[in-house]
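Now for the letters of each chain:
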Protein chains: 2
Amino acid sequence: MESLTISEWLLNELKIGRFPARMPAHRRVYESIRRAIASHHLTPGTRLPSTRSLAEALGLSRNTLLAAFEQLHDEGYVISQTGSGTRVASTFPDEFTEQKNARAAGVADATKSAAGLSKRGAIAAGLAEQPSYEVQPFAPGEDDFSAFPTQLWRRLLNRQWRDPQPSHLDYGHAGGYLPLRRAIANYLRMSRAVNLTVEQILITSGTQQSIDLCARLLTDHGDRVWVENPCYWGARRVLEVNGLQLHPVPVDDEGMAPGNADFRRPPRLIYTTPSHQYPKGVVMSYGRRRLLLDYAANQGAWILEDDYDSEFRFEGRPLSSLQGMDQSGRVLYLGTFSKVMYPGIKLGYLVVPPDLAESFKRGLYELQRPGQVVIQAALAEFIEEGHFASHIRRLRQIYGERRRLLQKALAPVTSVGARLPPAGSGLHLVVELPSYCDDVRVAELAAEQGLRVYPLSGYGIGEHREKGLIIGYAYAATERIAPYGRILADVIQAALSH
Amino acid sequence: MESLTISEWLLNELKIGRFPARMPAHRRVYESIRRAIASHHLTPGTRLPSTRSLAEALGLSRNTLLAAFEQLHDEGYVISQTGSGTRVASTFPDEFTEQKNARAAGVADATKSAAGLSKRGAIAAGLAEQPSYEVQPFAPGEDDFSAFPTQLWRRLLNRQWRDPQPSHLDYGHAGGYLPLRRAIANYLRMSRAVNLTVEQILITSGTQQSIDLCARLLTDHGDRVWVENPCYWGARRVLEVNGLQLHPVPVDDEGMAPGNADFRRPPRLIYTTPSHQYPKGVVMSYGRRRLLLDYAANQGAWILEDDYDSEFRFEGRPLSSLQGMDQSGRVLYLGTFSKVMYPGIKLGYLVVPPDLAESFKRGLYELQRPGQVVIQAALAEFIEEGHFASHIRRLRQIYGERRRLLQKALAPVTSVGARLPPAGSGLHLVVELPSYCDDVRVAELAAEQGLRVYPLSGYGIGEHREKGLIIGYAYAATERIAPYGRILADVIQAALSH
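Residues numbered from 1 in each chain as written. Chains lettered and ligands numbered in written order. Predicted model: local features only at pLDDT ≥ 70, side-chain atom pairs only at ≥ 80, totals over all residues. Heavy atoms only, no water.

Caption draft 1: Quick peek at the overall build of chain A. For chain A, the helix and strand inventory stands at 18 helices and 13 strands. The buried share of chain A, reckoned over its 498 residues, is 63%. Counted over contacts in chain A with a minimum sequence separation of 6, partners at least 24 positions apart contribute 73%. Element-wise, carbon and sulfur atoms account for 49% of the exposed surface of chain A, whose accessible area totals about 18,100 Å². (Helix = DSSP H or I, 4+ residues; strand = E, 2+ residues; numbered from the N terminus. Buried < 20%, exposed > 50% of the residue type's maximum accessible area, 1.4 Å probe, protein only. Contact = heavy atoms within 4.5 Å. Areas by Shrake-Rupley, 256 points an atom, 1.4 Å probe, with all protein chains shown as cover.)

What follows is the structure in structure tokens.
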């Protein structure tokens, strides 16, 4: 983009840009330019127009532009040199340099592994996903935290900090802040039919830590773990790094579907997403639930139930949790606040059988150390005062609308051999593609249109992987779902017509 | 304690209690009663005086008492029943039920392990330390975060939340918030002679996570790791849970002292605390540093330098870090903000060799997920605006004074065969006891006087463990150091005179 174009583009961007209503002008300018740099629309070395000329072109005050440029400079996006104006930095804050395609699902970038890593280190680092700062519409796993009531949250935090108890600054108790655990217990009992007392809840720093803790406390190096195939790769990675042998179990229309060959080699742990299989979206049937519970009870296996997005059910009656059906105390249930609140809050919860509660608290304290009690206390108030429930209702409405619009926009793909399975919950849709189709290539074609979707095969384990696209809609602005969805439908139709 | 006694005791407690100057009366009352319940001075079922009678006895308003009682009730410390008044609850928030003696250093409480734990799970849970809510004077590892400028911190957080960038609510970049990494880089270059670029820094959620990440990325199950003997047991536990074979290396007056028998079996990782050996307090000599660095370079081993309390150096010239002497890129350097800021902040940092930076960022993202960008941003400002440096100066003054008073109060113990090695830094002192002495018993005798110290033998590995007491002074109020120190000196003298 040249100078003149940059002004024009920026003017346009500020008009259509997806910003919270009360974001001040300097932040909109900053954010627009930052995104353009992050997405390589503004390339290193590009000279930016002067703040004076931009201010004129945009009809903003020069101070507004100066504030935006200062922040860009402070964060390393641009460099300023006397006499040569402001240029896009050639080394960005490193979040931008590596990741352009790093997030294509499960695709390893092993070339980045440094010499000296251990075998398990290479597993962790080689396949790890870099966070995409420049979140794009349709990236699964991203939620729209712009709807989060930040000013309410700020007041709650502020109240906590006005006169903090000394114990709130300490590590706190490994189980977590008691009023928060009470609030979660009430929520889980009512919304998810989880069967629990407060003592069974542990506050963790999120899903990865919850899975990690379960893997370490319940399994040993070399033990077998059942995972769904396809499977959430974040969980898979943590299990593998813990030295576990992954045993993939297929998923059919009733959820995880173990057969005789699977049963013959009992696992120590079963990792499953019964409410909304990740990524396929299937709900586990009652019969399959009973089967899994009985098998686990007979074999002394543990079931790890990851209820990662059950808050977002748009139709049908809510399903109870697997944990709530368990009579034998074999299920560990985990959830997260990152999807309802905001990802960086780093708070999740784990519900363990009563017998394990004390050991888990000790293990969590020893391996991870708790903390962030102030945030836990603010979250407890957020829940108790009813904000959590009303925020979920609001998100459900927003996401439900986005889902409906996306389903509608994608409907044409069923005419060329793709399948759009019905689903009433979650934050992503699956388009199933014929087995001959190269879904990685289709995802690349979508990326060329500025739309990031993940190939279903990237979640698969083994040779015969299902093909499809995982399309997150929680992050995309509602008014953009229809046009984006049409572009995506076109990409899919073109790919299948070849 | 009976009703009358409770009023009297509370009156006394409010007078001498160690509270921040501006803590309101209801919080002082709450805190005093909470502590009494936590330390079992008020036993379950004990009936508390009515708020009316307490208000009269203490000369406080009844509303003050009502507010205190309400909080105690909300947090589960007391129960109220119509007609029978308010009683101490029989099941406390569970932080209080288990831990009375759980913190005696390294002493296993394996009976608590639930059936179903894995071998590594039993290691983690069986030996894990429960956090002691009721922190007592002289407990090592506790710092006095009552000196932390909470209102300044609140303003900085509040500023961040006033208008948060969307990216600050996301997981953020695995390396951490760039301005914070810059601020840390500057600090480490100047204060610790660490040799680094910003790209080498990762923000972690603390020391345990830093050690865990290094163990996972650099070692495999079954690999050998050198640890100091005696050693920080928090580190030991994380290394063991990662399946590493611990090889203890003795510590002499020059720090970690590997001999020929050690050299013959090279480790993959060396965990060391060169600036201030934990727990003995020795500073590693120049010769020993060179030896370790050369050996690591020759053998391709990694050195993990835990610089856990180097901010607190009271005399002598500051020592440079081992990392700063390393020419071969074998040292990973880690530090924490929990001792300078407050423990629950859950932020630490890891400096890795340039070649490993990218892999570590990926591994951290995959295994732990980053987050808490708002707090990182507030901390960056705290450092950049000079508050960090002035807070350290203030803490250094406070802790230096406490150290001096404690050394003076303990001086008499040298007359009965104990040794008080000179040391000019850190947050704890060591009293070395003769080898025939049962230091666990001496620690128990101190505990009976209300003083918690840890036996040195609890940090040892193997049969021949050094005897002594580890005495933290950072948490004890300055005016109480002398009287508490004298009690402790009396306990030691009595024990050695038997």
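Caption draft 2: The arrangement of the pattern of salt bridges in detail. Applying the stated criterion across every chain yields a total of 35 salt bridges over all chains. Through salt bridges with shared partners, one network takes in D212(A), R216(A), D212(B) and R216(B). (Salt bridge = Lys/Arg side-chain N within 4 Å of Asp/Glu carboxyl O.)

Caption draft 3: Quick peek at the relation of the copies chain A and chain B. Least-squares fitting of chain A to chain B yields an RMSD of 0.1 Å, with the superposition described by an axial translation of 0.0 Å and a rotation of 180°. Taken together, the rotation angle and the small translation identify this as a two-fold axis. For chain A, the residue whose C-alpha comes nearest the rotation axis is N158(A), separated from it by 3.4 Å. Both copies share a contact surface, since 98% of the interface residues of chain A are interface residues in chain B too. (Least-squares fit on C-alpha atoms with pLDDT ≥ 70 in both.)

Caption draft 4: Representation of helix α2 (residues 25-38) of chain A within the structure. Residues and elements named next belong to chain A. If you check α2, its first and last C-alpha atoms are 20 Å apart, about what 14 residues at 1.5 Å a residue would give, namely 20 Å. Burial within α2 is extensive, with 11 of its 14 residues counted as buried. Listing the buried residues of α2 in full gives R27, V29, Y30, E31, S32, I33, R34, R35, A36, I37 and A38. (Expected span 1.5 Å × (residues − 1).)

Caption draft 5: Local environment of the interface of chain A and chain B. Each side of the interface is counted separately: chain A has 105 residues, and chain B has 104 residues. Taken together, the two surfaces of chain A and chain B that pack against each other cover about 9,300 Å², and 49% of this comes from carbon and sulfur. The tally of links from chain A across to chain B stands at 4 salt bridges. Put simply, R216(B) and D212(A) hold a salt bridge, and the shortest N to O gap is 2.7 Å. Here chain A is connected to chain B by 49 residue pairs in polar contact (both at pLDDT 80 or more). The biggest single contributor to the side of chain A that touches chain B is helix α14 (residues 354-368) of chain A, with 11 residues. Of the residues that constitute the side of chain A that touches chain B, the class distribution is 42 nonpolar, 28 polar and 35 charged. (Buried area = accessible area lost by both parts, 1.4 Å probe. Polar contact = N/O pair within 3.5 Å; in protein donor to acceptor, adjacent residues only side chain to side chain. Nonpolar A, V, L, I, M, F, W, Y, C, P; charged D, E, K, R; others polar.)

Caption draft 6: How the structure looks around helix α15 (residues 373-384) of chain A. Taking 1.5 Å per residue as the helical rise, α15(A) with its 12 residues ought to reach 16 Å, and the 16 Å between its terminal C-alpha atoms agrees with that figure. Taken across its 12 residues, α15(A) has 11 buried, putting it largely inside the fold. Within the sequence span of α15(A), burial applies to V373(A), V374(A), I375(A), Q376(A), A377(A), A378(A), L379(A), A380(A), E381(A), F382(A) and I383(A). Those residues of α15(A) that are buried are in contact with α6 (150-162), α7 (166-169), α8 (178-192), β3 (201-204) and α16 (387-410) of chain A together with α15 (373-384) of chain B. Looking one or two residues past α15(A), G386(A) carries a phi angle of roughly 90°, positive in sign.

Caption draft 7: Structural view of the pairing of strand β5 (residues 245-252) of chain B. Residue and element names in this part refer to chain B. Where strand β4 (residues 224-229) lies against β5, 6 bridges are found, and the strand directions are parallel. If you follow V227 over to β5, its bridge partner there is P248. Chirality of the crossover, the property in question, places the unit of β4, helix α10 (residues 233-241) and β5 among those that are right-handed. Bridge count for β5 against strand β6 (residues 255-256) is 2 bridges, and the pairing is antiparallel. Note on β6: the bridge partner recorded for D252 is G255. A loop of 2 residues connects β5 with β6, the two strands running antiparallel in sequence. (Pairing = 2+ DSSP bridges. Right-handed = clockwise from strand over helix to strand, strands pointing away.)

Caption draft 8: Layout of the packing of helix α3 (residues 51-58) of chain B against helix α4 (residues 62-74) of chain B. All names here are of chain B. The N-to-C vectors of α3 and α4 enclose an angle of 125°; their axes lie 8 Å apart at closest approach. Considering the angle they form, α3 stands oblique to α4. For the pair α3 and α4, the crossing hand works out as right-handed. In contact with T51, R52, L54, A55 and L58 of α3, α4 contributes R62, L65, L66 and F69. Grouping the constituent residues of the contact of α3 with α4 by class yields 6 nonpolar, 1 polar and 2 charged. (Axes fitted to C-alpha atoms, helices over the stretch in contact; angles between N-to-C directions. Parallel < 35°, antiparallel > 145°, perpendicular 65-115°, else oblique. Left-handed = near helix turned anticlockwise from the far one by under 90°.)

Caption draft 9: View of the sheet that holds strand β11 (residues 428-433) of chain A. All names here are of chain A. On the basis of which strands lie adjacent, the open sheet formed by 3 strands has the order β11-β13-β12 and antiparallel pairing. Each having just a single partner strand, β11 and β12 (454-455) make up the two edges of the open sheet. Relative to strand β13 (residues 467-472), β12 runs antiparallel, the two sharing 2 bridges. Bridging from a neighbouring strand, P455 pairs with L469 of β13.

Caption draft 10: Highlighting the state of the cysteines. Residues and elements named next belong to chain B. Across all of its chains, the model carries 0 disulfides over all chains by this definition. In this model C214 remains outside any disulfide bridge; the closest cysteine sulfur is found in C231, 15 Å from its own. For C214, a relative accessible area of 0% translates into the label buried. (Disulfide = S-S within 2.5 Å.)

Caption draft 11: Broad picture of the packing of aromatic side chains. Enumeration according to the criterion identifies 40 aromatic pairs over all chains in this entry. Note on Y278(B) and Y459(B): the rings are 5.9 Å apart at their centroids and 65° apart in plane angle, and the pair reads as edge-to-face. Of this pair, Y278(B) sits in the loop between β7 (269-272) and α12 (286-299) while Y459(B) sits in the loop between β12 (454-455) and β13 (468-472), and the two are 181 residues apart along the sequence. Ring-pair connections join several aromatic residues into one group, and the members of that group are Y232(A), W233(A), Y278(A), Y308(A), Y454(A) and Y459(A). We note R330(A) situated over the ring of W302(A); from NZ or CZ to the ring centre the distance is 3.9 Å. (Phe/Tyr/Trp six-rings, centres within 6.5 Å; stacked < 30°, edge-to-face > 60°. Lys NZ or Arg CZ within 6 Å of the ring centre and 35° of its normal.)

Caption draft 12: Quick peek at the sheet that holds strand β11 (residues 428-432) of chain B. Residues and elements named next belong to chain B. On the basis of which strands lie adjacent, the open sheet formed by 3 strands has the order β11-β13-β12 and antiparallel pairing. Each edge of the open sheet is held by one strand with a lone partner, namely β11 and β12. Strand direction decides the pairing type here: β12 and β13, joined by 2 bridges, are antiparallel. Bridge pairing links Y454 to I470 in β13.

Caption draft 13: Highlighting the nonpolar core. Core analysis: the biggest nonpolar cluster contains 149 residues, and W153(A) and W153(B) have the highest contact counts within it. When neighbours within four sequence positions are excluded, W153(B) is seen to be in contact with W161(A), F148(B), M341(B), Y342(B), I345(B), I375(B), A378(B), L379(B) and F382(B). Membership of the second largest hydrophobic core comes to 79 residues, among which are A235(A), V238(A), Y365(A) and A125(B). (Core = buried A, V, L, I, M, F, W, Y, C linked by side-chain atoms within 4.5 Å.)

Caption draft 14: Looking closely at the domain arrangement of chain A. Residues and elements named next belong to chain A. Split into domains, chain A comes out as domain 1 (3-88), domain 2 (94-125), domain 3 (147-390) and domain 4 (392-497). Distance between the C-alpha centres of domain 3 and domain 4: 27 Å. Contacts between domain 3 and domain 4 engage 26 residues on the former and 26 residues on the latter. Buried area between domain 3 and domain 4, summed over both chains or domains, comes out near 2,500 Å², and the portion from carbon and sulfur atoms is 60%. On the domain 3 side of the contact with domain 4, K280, F312 and F314 bury the most area, a combined 25% of that side's loss. For the pair domain 3 and domain 4, the number of links is 1 salt bridge. Put simply, K280 and E466 hold a salt bridge, and the shortest N to O gap is 2.8 Å. The interface formed by domain 3 and domain 4 contains 16 residue pairs in polar contact (both at pLDDT 80 or more). Only β4 (224-229), α10 (233-241) and α16 provide two or more residues apiece to the side of domain 3 that touches domain 4. Among the residues forming the side of domain 3 that touches domain 4, the class breakdown is 15 nonpolar, 3 polar and 8 charged. (Domains from an automatic or database assignment.)

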